[in-house]
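Report on the structure
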Amino acid sequence: MSWRQTKDAPFYVGYLNAVPKQLVMFLVVFAVCFAGGLGIAALALSSTQNDPGNGGFQWGNRFENVGILELRPYPVLRVPADGETPARTYMLAGQGKRGAFSQAEKNQDGPVTLRGVPVNRGDLTMIQVGRVEAVEGGAPDFTPAGPEPLGRWKLTGEICDGKCYAGAMRPGRGLAHKACADLCLTGGIPPVFVSSGPVENRNFFLMADQDGNLIGDEIKPLLALYVELEGDVERLDDLMVFKVDLAKARILK
Amino acid sequence: MSVQYTPVIWNRNKIFYDAVLLIAVVLYLYIYIRVAPGFEDVTKPIDGAILRMRAFGSCAFLMLTVILCIGPLARLDRRFLPLLYNRRHFGVMTAGIAAVHANYVLTWYYNFSPTDKYVALLSSNTNYGQILGFPFETLGIVALLILFVLAATSHDFWLSFLGAPIWKALHMFIYAAYACVVLHVALGALQGAGDPIFTSVVAASVVLVSGLHFATGRMEARRDRGEETAKASLQEKGWLVAGELDEIDDDCAKVVTLSDDERVAIFKYDGKLSAITNACAHQNGPLGEGKVLWGCITCPWHGYQYNLSDGRAPAPFTEKISTYRLKLIGSTILLDPNALPPGTHVDPVEIGEAA
């Protein structure tokens, strides 16, 4: 067909019901190809999506433990060893994109019973705090261990918000998640460094500034990018803490 | 055509057009959300909100691609012209699908926070100075706003109210919307972990849309060069050689290019010749690619009609287009390049007498 109109060429006028016969088959074939093409595209695009991993809320494994709430500098629950189970330190988050600062600040002087839902991806566990109650009738005989220094490290990886990456919003990482991670951190969710290489077999690190304090807004331009960070790593029971010097951060890609 | 802005009258063609659209969109979403996850190779199923968000987003992107391909396809092969007729419904549906995508993003990524989700959308990431980590959401918002404006002004009321030139210029922003969507995807989803299928689909879309427009542009330029003989040749003072009689089929036209934005359609019908501007008063459709039906020039895009001798739409309609004077010397058609005011009566040239 060419652009030049001819007397014999079929001519379609939309407001008339009659469609020239020569066009009917063409349009039917187009309609089938259009719908079929979209269907095939849907199958191809949807079935080949990247694996978001196995992170997620452990709704069937509700968390309830007695321990000590500490700010290091983000809220953590220190749980004493129990028989063969060693002492553990859990990162905490509130409901939604909120931190658990208020509960931790209110109850940091004594032992508490903390109920919540674990959000877990591999070694990374964060507890979404439901209820915190002070333990009545005396504190258990438990003094959490101090941090164990593991030296100075230069690590590459990505800064994520700990809750989404743990499984609240899988995959919860990458540039498409940058704004969400920013919002989570603003709300008080602890930042987590996901390292491409392990330190003592652990790839997830709770982040703090180089003095062990809360990190400010200087972290935001670095979120969701592949970065190189330098700082001291220390172990808090089973939790790694990365005290980074963000002034030395380098964006790799 | 309809100066009284009467409601759009449904007919079998429109219903069929919209039905095919709906079926295709529903099929896409159903397969994406319900069928394809069964074939996913993932550790754990993708969360429903994210799956739906991706389904609606990718659907809007593909629909926009098809919309932008319809124009050049109809230029390259007139069998695609029926797809143009109801394209505004296609656009409105695309805006709706894109809005659902945006709503899933808002209620998932920007929800559950002490910050209002609309505030969060614009304030969470403001790293406009960097390519990696650029707030690609903003590009999506711009595209969505454009799609909304175009959808809201798609009715013929707005076409008449704004006038064809402004309406047309406004609706050319569809290209800006497409560019924003491509960047939205390229700076967002494609920056994540490698996804060769999605990357290929986006690349194919860009190549297809650009390629078809490039091919159409070349075709138009070639056509203009071919017709530009009229511009340079002076057969008689003030008259241009427009071509030969046998170049035109009965009830059809030959298009002559006078300048970049002025083309004339010379129609041959009932042993006569008449010349009018090539641009339809409705949406600047190429009248010269239409035909004479029931004694009227009929636009190939939406069937708008004009009388041959004065360029006026048949009563009760009031659209008017410019007419031109013609002369015949032997079998050679001469054209006066000075357009007459829209609606000016010009006696048709009788072929029998002059030839």
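Residues numbered from 1 in each chain as written. Chains lettered and ligands numbered in written order. Predicted model: local features only at pLDDT ≥ 70, side-chain atom pairs only at ≥ 80, totals over all residues. Heavy atoms only, no water.

Moving on: the overall build of chain A. The number of helices and strands found in chain A is 4 helices and 12 strands. Over its C-alpha atoms, taken along the principal directions, chain A stretches across nearly 100 × 40 × 30 Å. The buried share of chain A, taken over its 253 residues, is 54%. Approximately 11,000 Å² of chain A is accessible, and the part contributed by carbon and sulfur atoms is 50%. Counting 26 positive and 28 negative side-chain charges, chain A places the centres of these two groups 12 Å from one another. (Helix = DSSP H or I, 4+ residues; strand = E, 2+ residues; numbered from the N terminus. Buried < 20%, exposed > 50% of the residue type's maximum accessible area, 1.4 Å probe, protein only. Areas by Shrake-Rupley, 256 points an atom, 1.4 Å probe, with all protein chains shown as cover. Lys, Arg positive; Asp, Glu negative; His and termini not counted. Charge placed at Lys NZ, Arg CZ, Asp CG, Glu CD.)

Over its 17 residues, helix α6 (residues 136-152) of chain B extends 25 Å from the first C-alpha to the last, a length consistent with the 24 Å expected when each residue adds 1.5 Å. Among the residues making up α6(B), those that are buried are Phe136(B), Glu137(B), Leu139(B), Gly140(B), Ala143(B), Leu144(B), Ile146(B), Leu147(B), Leu150(B) and Ala151(B). Looking at the buried side of α6(B), the elements it contacts are α4 (178-187) of chain A together with α2 (48-76), α4 (87-108), α5 (117-123), α8 (164-171) and α9 (174-187) of chain B. (Expected span 1.5 Å × (residues − 1). Contact = heavy atoms within 4.5 Å.)

Moving on, we come to the environment of Gly157(A). Residue and element names in this part refer to chain A. Relative to the elements of secondary structure, Gly157 occurs in strand β7 (residues 148-161). For the pair Gly157 and Gly197, spaced 40 residues apart in the sequence, the C-alpha separation amounts to 8.0 Å. Among all residues touching Gly157, those that are not within four sequence positions of it are Phe193, Val194, Ser195, Ser196, Leu225, Tyr226 and Val227.

Taken together, the 62 residues of chain A in the interface contact 85 residues of chain B. Overall, the association of chain A and chain B removes approximately 6,700 Å² of surface from exposure, summing both partners, and the carbon and sulfur fraction of that is 64%. For the pair chain A and chain B, the number of links is 2 salt bridges. Put simply, Asp47(B) and Arg170(A) hold a salt bridge, and the shortest N to O gap is 3.2 Å. At the junction of chain A with chain B, the criterion picks out 21 residue pairs in polar contact (both at pLDDT 80 or more). Secondary structure elements with two or more residues in the side of chain A that touches chain B: α1 (21-47) and α4 of chain A. Among the elements that take part in the side of chain A that touches chain B, α1(A) stands out by supplying 16 residues, more than any other. Considered class by class, the residues forming the side of chain A that touches chain B number 34 nonpolar, 17 polar and 11 charged. (Buried area = accessible area lost by both parts, 1.4 Å probe. Salt bridge = Lys/Arg side-chain N within 4 Å of Asp/Glu carboxyl O. Polar contact = N/O pair within 3.5 Å; in protein donor to acceptor, adjacent residues only side chain to side chain. Nonpolar A, V, L, I, M, F, W, Y, C, P; charged D, E, K, R; others polar.)

This part takes up the side chain of Ser322(B). Residues and elements named next belong to chain B. Here Ser322 is to be found in the loop between β8 (305-307) and β9 (323-324). Note on Ser322: relative accessible area 17%, which makes it buried. For Ser322, the contacting residues outside a window of four places in its chain are Ile276, Thr277, Ala339, Leu340 and Pro342.

None of this, on its own, says anything about what the molecule does.
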